[in-house]
Amino acid sequence: MTVQVKGTSNGGTTDAQGRYKLSGVQPKDSLIFSFVGFQETTIGVNGLAEVNVKLRPDVSALNQVVVVGYGTQKKINLTGSVDVVPKDVLENRTPNNVADLLKGTSPNLNITMNMRGGEPGAVSSWNIRGMGSISGNASPLILVDGVEMDVTDIDPESVESISVLKDASASAIYGSRAPFGVILITTKKGSKGGVQIQYSNNLSWASPIKVPSYIDSYTWATAFNEANANAGLTPVYSDEQMGRIKGYLDGTFPYEYDPENPIDNIWAGRRNGNANNDWPQILIKNHSFSQKHNINVSGGNDKTQYYIGGSFIDQDGMYAYGYDYYKRYNFLTNLSSQVTSWLKFNSSVKYANGKTDFPLGETTVGREHQFREMIMFAPMMPFHNINGTIQSPLVRQMQGTGRDKTQKNDFLITAGAELEPVKGWKTNISYNYNYIGNRYATNPKPIWVELGTGEFGNVGKPETGYTSTFSESTYQLANIVSSYEFTLQNRHYFKLLLGYEQEEDYYSGLSATGTDLITEDIPSVSTALGDKTVDDQITHWATQGIFGRLNYNYKEKYLLEMSARYNGSSRFAKESRWGFFPSASVGYNLSSEEFWNSIQPYVNTFKLRASYGSLGNQNVSNYLYLPTIPVQNELNWIIDGERPAYASVPALISDDLTWETITTFNLGVDASFLDNRLMLTFDWYNRKTTDMLGPSLTLPYPLGAATPKSNNAEMKTIGFEILLSWEDRISNNLSYNLKLGVGDNKSTILKYQNDKGLVDTWYAGKPVGEIWGFATDGLIQQKGESMPDQSKYYKDWGPGDMKYKDLDGNGIINDGNRTLDNHGDLIVIGNDAPRYNLSFTAGLKWKNIDFNMFWQGVGKRNYYPDINSTVFWGMTSGWASSGLYKGAPSLDYWRPADEKNILGPNTDAYFARPYFTAEMNKNRQVQSRYVLNAAYLRLKNLQVGYTIPAKLLDRFFIDHIRVYFSGENLLLLSKLPKTLDPETAFASDPKYGGYLTSGVIYPISRTLSFGINLTF
């Protein structure tokens, strides 16, 4: 709430509890209290030391002023689909990335982690309203104070407001850069009043979630031996070794390996050892510490307002025998100055410096491979040699590896002016320059591991080396936007906006590598004696656009908005470079009609909305329309004693590549009930993407070239969003609020060049996310029992093997040609597209205590685990790529009724009998039995705070102190096996962009934090 002494610039804002403090107030002064959505109130001081007020809701302004494209509007007059995310969802929480904090806050705003999982500094993928394209980038345009920049470099504490523009009407003004919505982030600005200094921090302790834990080594070995026996192979672990394993567990054998036959290479411990080490739990810490600090100074007078802020983030990683971290420094200034009555200048400087430091991966793989070794290296692998030195290659790799370092500098400067020579006619001119400099450096080196024989093996890189990569990206944006608004006869409101914008992005990078360093202590290319290579990269793109928008309303009852943009992009050939993209929307405030008066006390506001528009998508790869000649440094063959450089034939290209076009029809309802305590927003939309890039007609095989892309595919997405909120004050000391959000979407391919009708790629009518497989018919229990012919997948079948249903009735199980016309016994067994994204928030305030919680989830989704995922299947087709864990279903495999080992019989099993050969695949055909329910609900945040009474702070010159405790990811409700997390399972699966297989990923964390907010 804003409090100002009437007729002066003396004023300020209240804290979260509504408390305020003003100096220099005279007994005869009056105070003006104002807050968006409530009626402004003026009260005389009358010599009182304390003035309290309770504002009344202002129906006409109840829906707050929100940021939209190139301006603001009252939400009650909006005709497009725009959602406003409260800034408090970003404040006083542990995550340092805006994306992590926004996840689940707006229906159909989908934010997902990438293959890096919960790694410090990991980034996320953004999407609005589901899949938008099968070929182009369907991410929303993210603007910070009107300029595109990397949202990972924004300090969440500096954000003032967030608007999510979802339909074509709302985002059409941005043209080809925003076919799939816009995220408008506005940073904090200064305000009239005295100087205000704020400091906040967050100190957190994180513990990893869903880190697998090995079963004991004897059970592990028993199951592995059984899998080999099923395949007719000799045991993985001999009887002698089984005795050692059992002896180590019961304390009768004191060594982790046989001293008479010591481990003689770095990988042999997992096969020949007899230890019982739970490597995932050993190599990942139980806790890590992180911290965030933010300080800002703001203030101003009638002429000039300023905001200056800075922050520091230090996130520690989870490696137990090494270290990894992410650090970031942020600096922000926003300045606005009214030079004359008709001219205002504004400027902004944003700077972020981020650093990451991780251990390099072993041998020839990247750091992400470390998690594969953690979960598959077997508990038998020794930790120590008998002499006390470390034998574990995983521990040594963490301790002695080279480093994988990045450093990023993101600098954005904005200078602008606003001219208003005539009241209502405003022209804004701005120039924005964004420089991003990146440095990437690695120093691979050998890592020596002492073996049981006293010799040494290398788990690191084959030789020392150093790679240094520098890159820079310069982005320039210039625009001029002029708008004129006026009202005729106090009933006809018009606002006309016209603008021009151009942007250019230029990227260049240089990389150099040297091997065989003189010393590991000073890694550099110049200290390398071996081979040296140098490479570079240059890309660029540019756009131009002119745009306009007309807003009209009659008494804020009948609403109209029309906008259009004529856009050109360098990513297409000159003859198809430009596109025209219009949109229109209408609204009807029924509650402004006289006939509504009878139900006004119950249904306070009611508005209908409709919009239609089309946008082009220029978010495709650069230079698709140009034939490029691949050039390589060395040929694969030796000619005249050397491997010369060479060039290969350019790929075929289409000569008419152009925009994808996204057309959206949107219907919406906004309403409030019961004195505006209950609020409802509902949207339904139908989005169609045409001219998507797909394959051209199939070309003759002898041509020897890949089929070029053409604009010949189509897709539609239909969905809805609903937001329900309730806010009420029971007394002066007690208030509460509730909010429920549900979003859903379903995408279907309408057109795609698939001559053969293959089911494994796109085809007309295919719902996005469908899973094809066999229908499971249970496990074979008796030799010779009746079953279809399954010999296509293996010649021999017996008790414990899987049966599949013969759906086409021909007595043979097969997949036909895997086409729509002939798919044999295959059917659609599930769909892995997320449905019904859910969010629920609740808050309570009682006197000086506040409580808030936030839940997020997905209501419906199938998941079929990757065939190599040990955290689900346990045993795969080879012992070296298998693993067994507590809480996993993997030991629930078929064993005969007369089984005598410690696992015992299990004829009513979940899994078929395992084989450590390719025979395993016959039982692991994609099938209905293993389609998992990946729906979940997660308690993302819970926070309890206490505000110290103002009267206790006066003597310390402090206006406000709030202390709080907060938790992230505290509870998960899911039907997946205990070893699978519904978010990391998808992020780690290669079908969805993961590295290797489900579960091979940096774990996410549960955090507990403490913080304080100070205002002076």
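Residues numbered from 1 in each chain as written. Predicted model: local features only at pLDDT ≥ 70, side-chain atom pairs only at ≥ 80, totals over all residues. Heavy atoms only, no water.

By the naming in an unreviewed UniProt entry, the protein goes by TonB-dependent receptor and is assigned to Compostibacter hankyongensis. Note on the protein: under the UniProt heading Sequence similarities (unreviewed entry), the record states "Belongs to the TonB-dependent receptor family." Its UniProt record, at the heading Subcellular location (unreviewed entry), says of the protein: "Cell outer membrane". (UniProt positions renumbered as here; feature names shortened; annotations may be inferred.)

Can you explain a nonpolar patch on the surface? Please cite residues and give values.
On the surface, a nonpolar cluster with roughly 440 Å² of combined accessible area is contributed by Tyr 612, Phe 665, Leu 667, Phe 682 and Trp 684. Taken together, the elements giving at least two residues each to the nonpolar patch come down to β31 (660-673) and β32 (678-695). Among the structural elements, Tyr 612 can be located in strand β28 (residues 603-617). (Patch = residues over 30% accessible without salt bridge, like charges linked within 9 Å, V, L, I, M, F, W, Y side chains within 5 Å. Areas by Shrake-Rupley, 256 points an atom, 1.4 Å probe, with all protein chains shown as cover. Salt bridge = Lys/Arg side-chain N within 4 Å of Asp/Glu carboxyl O. Helix = DSSP H or I, 4+ residues; strand = E, 2+ residues; numbered from the N terminus.)

Describe helix α4 (residues 239-250), naming the residues involved and giving the relevant values.
The α-helix winds at 3.6 residues per turn, so residues separated by three or four positions along the chain end up facing the same way. Over its 12 residues, α4 extends 17 Å from the first C-alpha to the last, a length consistent with the 16 Å expected when each residue adds 1.5 Å. All of the buried residues in α4 are Gln 241, Met 242, Arg 244, Ile 245 and Gly 247. Residue Gly 251 follows α4 closely and has a positive phi angle near 90°. (Expected span 1.5 Å × (residues − 1). Buried < 20%, exposed > 50% of the residue type's maximum accessible area, 1.4 Å probe, protein only.)

Give a description of the side chain of Arg 367 that names residues and reports values.
With respect to the helices, strands and loops of the structure, Arg 367 is situated in the loop between β18 (343-359) and α7 (370-376). A distance of 2.9 Å separates a polar atom in the side chain of Arg 367 from a polar atom in the side chain of Glu 119. Dropping the residues within four chain positions of it, Arg 367 is found in contact with Arg 116, Glu 119, Tyr 319, Phe 358, Pro 359, Leu 360, Gly 361 and Asp 404. (Polar contact = N/O pair within 3.5 Å; in protein donor to acceptor, adjacent residues only side chain to side chain. Contact = heavy atoms within 4.5 Å.)

Tell me about the sheet that holds strand β11 (residues 147-148), and please be specific about residues and values.
Pairing within the open sheet is mixed, and its five strands lie in the order β7-β12-β13-β10-β11. The sheet is open, and its two edges are formed by β7 (82-85) and β11, each paired on a single side. (Pairing = 2+ DSSP bridges.)

Lay out the pairing of strand β33 (residues 709-731) in plain terms, naming residues and giving numbers.
Here β32 runs beside β33; their pairing, made up of 16 bridges, is antiparallel. The partner of Arg 687 across the bridge, within β33, is Thr 717. Strand direction decides the pairing type here: β33 and strand β34 (residues 734-751), joined by 17 bridges, are antiparallel. Among the inter-strand pairings, Leu 724 is bridged to a residue of β34, identified as Leu 740. Hairpin geometry of β33 and β34 is characterised by an intervening segment of two residues between the two adjacent antiparallel strands.

Kindly report on the packing of aromatic side chains, identifying the contributing residues and their values.
What the rule picks out here adds up to 47 aromatic pairs. On the numbers, 5.4 Å between centres and 75° between planes, the contact of Phe 581 with Trp 659 is edge-to-face. On the criterion of sequence distance, the pair formed by Phe 581 in strand β27 (residues 578-589) and Trp 659 in the loop between β30 (646-647) and β31 is long-range, its members being 78 residues apart. Owing to a relative accessible area of 4%, Phe 581 belongs among the buried residues under this scheme. Among the aromatic residues, ring-to-ring pairing joins Tyr 214, Trp 220, Phe 224, Tyr 237, Tyr 885 and Phe 916 into one connected group. Its guanidinium or amino end placed over the ring of Trp 797, Lys 922 lies 5.0 Å from that ring's centre, counting from NZ or CZ. (Phe/Tyr/Trp six-rings, centres within 6.5 Å; stacked < 30°, edge-to-face > 60°. Lys NZ or Arg CZ within 6 Å of the ring centre and 35° of its normal.)

Tell me what's going on with the packing of helix α3 (residues 217-230) against α4, and back it up with residues and numbers.
Contact geometry for α3 and α4: axes closest at 9 Å, N-to-C directions at 160°. By the criterion of interaxial angle, the relationship of α3 to α4 is roughly antiparallel. Our pair here, α3 against α4, has a crossing hand that is left-handed. In contact with Ser 217, Tyr 218, Ala 221, Thr 222 and Asn 225 of α3, α4 contributes Met 242, Ile 245, Lys 246 and Leu 249. Looking at the contact of α3 with α4, its residues break down into five nonpolar, three polar and one charged. (Axes fitted to C-alpha atoms, helices over the stretch in contact; angles between N-to-C directions. Parallel < 35°, antiparallel > 145°, perpendicular 65-115°, else oblique. Left-handed = near helix turned anticlockwise from the far one by under 90°. Nonpolar A, V, L, I, M, F, W, Y, C, P; charged D, E, K, R; others polar.)

Give me the lowdown on the nonpolar core, citing residues and values where you can.
Counting 71 residues, the largest nonpolar core has Trp 220, Phe 224, Tyr 237, Met 374, Met 875 and Leu 980 as its most contacted members. Ranked by the residues each element gives to this core, the list is headed by α3, at five residues. With near-sequence residues (within four places) excluded, Trp 220 lies in contact with Tyr 214, Ile 215, Tyr 237, Ala 378, Pro 379, Met 380, Ser 882, Gly 883 and Leu 884. Core analysis: the second largest hydrophobic core is formed by 26 residues, Val 85, Val 98, Val 147 and Trp 541 among them. (Core = buried A, V, L, I, M, F, W, Y, C linked by side-chain atoms within 4.5 Å.)

Which residues make up the pattern of salt bridges, and what values go with them?
Scanning the model with the defined rule gives 41 salt bridges in all. A salt bridge links Asp 357 to Arg 403; its shortest N-O distance comes to 2.9 Å. Of this pair, Asp 357 sits in strand β18 while Arg 403 sits in strand β19 (residues 403-422); the two residues are 46 residues apart in sequence, bridging distant segments of the chain. When salt bridges that share partners are traced, they join Lys 103, Arg 938, Asp 981 and Glu 983 into one network.

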